[in-house]
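The primary structure of each chain is shown beneath.
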Amino acid sequence: MAQPPTIPQKGISEPSYAVHRPETSAEASSAGPSASQEQHQDDGSNTPPPYSGPTSPSLNLPSQSVSSISHHPGLPRLNYALYAPPTFSLSSDAATLTSQDPTLSVYPAKLISLIQSLASIPPKPIIRITGRCNDTLDFDVKINCMNLIIPEDTKRRMNYVKTIGHGETGWRGDTKETTTPTVTGGLEEWARKYCADQSSIKHFLLKREVSNWDTSYLEGRLLSLVSSTAYLGQVTVKFPVTHEKVLVKPPDKINKFFSSVTKVFAGSHKYEVVKSVWPYADVERNHTMAGERRVVVQDEEEWFLHWKDSIRHAIMGRRSGWVTSEDQLEFLMEPKVGEVRGNPTQWGAHVG
């Protein structure tokens, strides 16, 4: 049987890097080192601050040309190639990218570089509204909310990267959640620990998440909106997020069945210690202690007022698919009966 690869010492003492965000000007060419990354590592706090400015790109980072940033009118300025990196596959629900490239589980420097790159792009938050009568799906509409965490002006972005905090319970390389071990070297030290772990069943996870987005408030507003259409069926409002996880694990040494059995009985060594956080706003909605709330793009109520007619139009049209700006135009030019004036006819459960 082939011997497992030895863990090389190469890359162990390499310097720390901040998350890379490509610059479109020379504004950071002479800036000094920043401590913005360090304040989100093991700093003695159990919870991250409600907001931290974008990670400084002033450190010596792996270069990425401006030409790699795609610019499409109406879409966020991002390097979309990072959503489909080599050796990775996307899950059927589009939530998790997974790679079993053996080098990522052996060489800390390769894992660090990968996590830094993939932490620089956001997840895709979605609003999904469905209406169902018994076994009949009357409508299923989705709205892409990714542009609400990515402003056109890159200087207004609030995203940051944090590692698990001191005393915080989480997956720290064990088969269960613990508060130890504690590290002081941030991502670099966690990557070294993962690569040095000789367990054949292990994984390293980057989680992308949206913070300070008041989905409960939006759920109430959207349920009221559907009610205004006189729909009588069962309505659900959900907030799924795609492209939210990046999972690295070693290849199966024997076969998938054996690995699955081993995972059930022995457990997997899980390293889920890094998060890429994309705030909707600097604090939660109706936050009473921080003064005026600053949103990245648009307040939840402003967004609702902007999109409510388009969403209502799609629901009354029994749509199954995405709501886009085309629905705004269609509502204005081709309103359905009951949308502009008068009371809509009841529809859905127990009708017709």
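K.L.:
Go over helix H6 (residues 325-333), please, and point to the residues and values.
P.N.:
Restricting attention to buried positions, one finds in H6 the residues Asp-327, Gln-328 and Phe-331. Each buried residue of H6 sits inside an arc of 105° when the element is viewed along its axis, so together they form one side. Turning to H6, the residues buried within the fold contact helix H5 (300-316) and strand S11 (320-322).

K.L.:
Please provide a residue-by-residue account of H5, values included.
P.N.:
Three or four residues apart is the spacing at which side chains of an α-helix point the same way, because the helix has 3.6 residues per turn. Here H5 spans 23 Å end to end across 17 residues, near enough to the 24 Å set by a 1.5 Å rise per residue. For H5, the principal kink sits at Trp-307 and spans about 50°. H5 sits mainly inside the fold: 12 of its 17 residues count as buried. Where H5 is concerned, the buried positions are Glu-300, Glu-301, Trp-303, Phe-304, Trp-307, Ser-310, Ile-311, Arg-312, His-313, Ala-314, Ile-315 and Met-316.

K.L.:
Lay out the sheet that holds strand S9 (residues 245-248) in plain terms, naming residues and giving numbers.
P.N.:
Taken together, six strands build an open sheet; the order of strands is S1-S2-S9-S6-S10-S5 and the sheet is mixed. Two strands lie at the open edges of the sheet, namely strand S1 (88-90) and strand S5 (160-163), each paired on one side alone. If you compare each strand with its neighbour and ignore which way they point, the axes differ by 20° on average. In terms of strand pairing, S1 meets strand S2 (residues 96-99) through three bridges, oriented antiparallel. Pairing of Ser-89 across the sheet is with Thr-98, part of S2. Here helix H1 (residues 108-118) sits on the sheet and contacts S1, strand S6 (202-211), S9 and strand S10 (269-279); the angle it forms with S6, its principal contact strand, is near 20°.

K.L.:
Requested: an account of the pattern of salt bridges, with residues and values cited.
P.N.:
For the coordinates displayed, the defined rule picks out 13 salt bridges. Its salt-bridge partner being Glu-301, residue Arg-221 comes within 2.8 Å of it at the nearest N-O pair. With Arg-221 in helix H3 (residues 215-227) and Glu-301 in helix H5, the pair connects residues that are 80 residues apart, well separated along the chain. When its relative accessible area of 18% is taken as the criterion, Glu-301 is described as buried.

K.L.:
So, the environment of Leu-118: which residues are in play, and what are the values?
P.N.:
Looking at the element boundaries, Leu-118 is found in helix H1. Taking the relative accessible area as the measure of exposure, Leu-118 reaches 1% and is therefore buried. With 128 residues separating them in the primary sequence, Leu-118 and Val-246 have C-alpha atoms 7.9 Å apart. In this structure, Leu-118 is in contact with Leu-82, Pro-85, Phe-88, Leu-206, Arg-208 and Val-246, ignoring residues within four places of it in sequence.

K.L.:
Lay out unusual backbone geometry in plain terms, naming residues and giving numbers.
P.N.:
Residue Pro-181 follows Thr-180 across a cis peptide bond; omega there is 5°. Phi is positive for Ala-94, which is not a glycine, with a value near 60°. In this structure, Asn-212 is a non-glycine residue whose phi angle is positive, near 60°. Note that Asn-212 resides in the loop between S6 and H3.

K.L.:
A description of the pairing of strand S4 (residues 136-144) should follow, citing residues and the corresponding values.
P.N.:
Relative to S4, strand S3 (residues 124-133) runs antiparallel, the two being bridged by eight bridges. Note on S4: the bridge partner recorded for Gly-131 is Phe-139. The turn linking S3 back onto S4 is made up of two residues, and Asn-134 within it adopts a positive phi angle of 55°. In this sheet, S11 lies alongside S4 in parallel orientation, the contact comprising three bridges. Each bridged residue has a counterpart across the sheet, and for Val-141 the counterpart in S11 is Gly-321.

K.L.:
Describe the packing of H5 against H6, listing the residues and the values that go with them.
P.N.:
Taken N-terminus to C-terminus, the directions of H5 and H6 make an angle of 80°; their axes are 8 Å apart at the nearest point. With respect to each other, H5 and H6 are oriented roughly perpendicular. Mapping the contact onto sequence places His-306, Trp-307, Asp-309, Ser-310, His-313 and Ala-314 in H5 and Ser-325, Asp-327, Gln-328, Glu-330 and Phe-331 in H6. Looking at the contact of H5 with H6, its residues break down into three nonpolar, five polar and three charged.

Parameters at a glance
- Residues numbered from 1 in each chain as written.
- Predicted model: local features only at pLDDT ≥ 70, side-chain atom pairs only at ≥ 80, totals over all residues.
- Heavy atoms only, no water.
- Buried < 20%, exposed > 50% of the residue type's maximum accessible area, 1.4 Å probe, protein only.
- Helix = DSSP H or I, 4+ residues; strand = E, 2+ residues; numbered from the N terminus.
- Arc of directions from axis to C-beta.
- Contact = heavy atoms within 4.5 Å.
- Expected span 1.5 Å × (residues − 1).
- Bend = angle between axes of the 7 residues up to and from the residue.
- Pairing = 2+ DSSP bridges.
- Axes fitted to C-alpha atoms, helices over the stretch in contact; angles between N-to-C directions.
- Salt bridge = Lys/Arg side-chain N within 4 Å of Asp/Glu carboxyl O.
- Parallel < 35°, antiparallel > 145°, perpendicular 65-115°, else oblique.
- Nonpolar A, V, L, I, M, F, W, Y, C, P; charged D, E, K, R; others polar.

Any functional reading would require information beyond the geometric quantities listed.
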